[in-house]
Amino acid sequence: MRTIARVVTLAAFSSMSMGAFAAATAQPTAVMTETVVVQEQTPVYGLVSPRSILSQLNLNTQQKALVQKIDHQYASQRPLMSNENRQTLANLRQERKNLVVSKQFDDAKAKNMIAQEQHIWAQQQQARADYDFLQLKREHDIYQILTPKQQQQYWRLRQQQKLMR
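Quantities reported herein were computed from a predicted structural model and do not represent experimental measurements. Sequence order as written defines the numbering, with residues in each chain counted from 1. With the structure being a predicted model, the display of local features is reserved for residues of pLDDT at least 70 and the display and counting of side-chain atom pairs for 80 or more, all residues being used for whole-chain, interface and lining totals. Values shown for side chains rest on all heavy atoms present in the structure; no hydrogens or waters enter the calculation.

1. Points about the pattern of salt bridges
Any two side chains of opposite charge can pair if their charged atoms end up close together. Basically, it comes down to this: One side-chain nitrogen of Lys or Arg within 4 Å of one carboxyl oxygen of Asp or Glu is enough to make a salt bridge. Helix and strand assignments follow DSSP, with helices taken as H or I runs no shorter than four residues and strands as E runs no shorter than two, numbered in order from the N terminus. Buried residues are those whose accessible area, probed at 1.4 Å on protein chains only, stays under 20% of the maximum for their type, while exposed residues exceed 50% and partly exposed ones sit between those limits.
On inspection of all chains with the given rule, the structure shows 4 salt bridges. A salt bridge links Asp71 to Arg138; its shortest N-O distance comes to 2.7 Å. You can see Asp71 sitting in helix α2 (residues 61-75) and its partner Arg138 sitting in helix α4 (residues 107-144), a full 67 residues away along the chain. Asp71 gets classed as buried once you look at its relative accessible area, which sits at 5%. A salt bridge links Asp132 to Arg128; its shortest N-O distance comes to 2.9 Å. Of this pair, Asp132 and Arg128 both sit in helix α4, separated by 4 residues, roughly a single helical turn. Residue Arg128 is classed as partly exposed on the basis of its relative accessible area, which comes to 48%.

Dropping the structure here:
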């Protein structure tokens, strides 16, 4: 989420710079258009990384198969922003630029643009909350296939992981 916020902020700053440049040169400004093509991300299946906690628990073959099954079950439910919403946000960024460089500021257009952005981000926030819930269920399901000794080791490794953050 931070990366996206930085991109939007940089786009706003670059728009302001272009607007300041246009005002300083006193030349008529043209409306800029830009087409952005975005691609859907695909979820990653299986153990996330060799350094993950699960890889340190010496899971047996049956446990590994169950973890993989659980991962497949939950990974398909990862909330990814739709291409339509990505394209809409890209278009709204362009509209922001156009609004900044235009001679007249259109209050209604600006408010509508912000409302559209907020609606998309609210949808994403709800999708993220739903995904966090599913991840907690996933963690529970995986924890249930561990032996008592692996469960103890799991919590110990998880605490170490928290300390390293």
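Now that the structure has been shown, the text picks up again.
2. Some remarks on helix α5 (residues 148-164)
Stated formally: By definition here, a helix of n residues has an expected span of 1.5 Å times n minus one. Directions are taken from the helix axis to each C-beta atom, and the arc is the one they span. Contacts: residue pairs with any heavy atoms within 4.5 Å of one another.
With 17 residues, α5 extends 25 Å from end C-alpha to end C-alpha; this agrees with the ideal 24 Å at 1.5 Å per step. Residues of α5 that are buried include every one of Gln150, Gln151, Tyr154 and Leu157, and no others. Each buried residue of α5 lies within a common arc of 130° when the element is viewed along its axis, so the set occupies one face. Opposite the buried face of α5, at more than 90 degrees from it, the exposed residues are Pro148, Lys149, Gln152 and Leu163. Here the buried face of α5 lies against α2 and α4.

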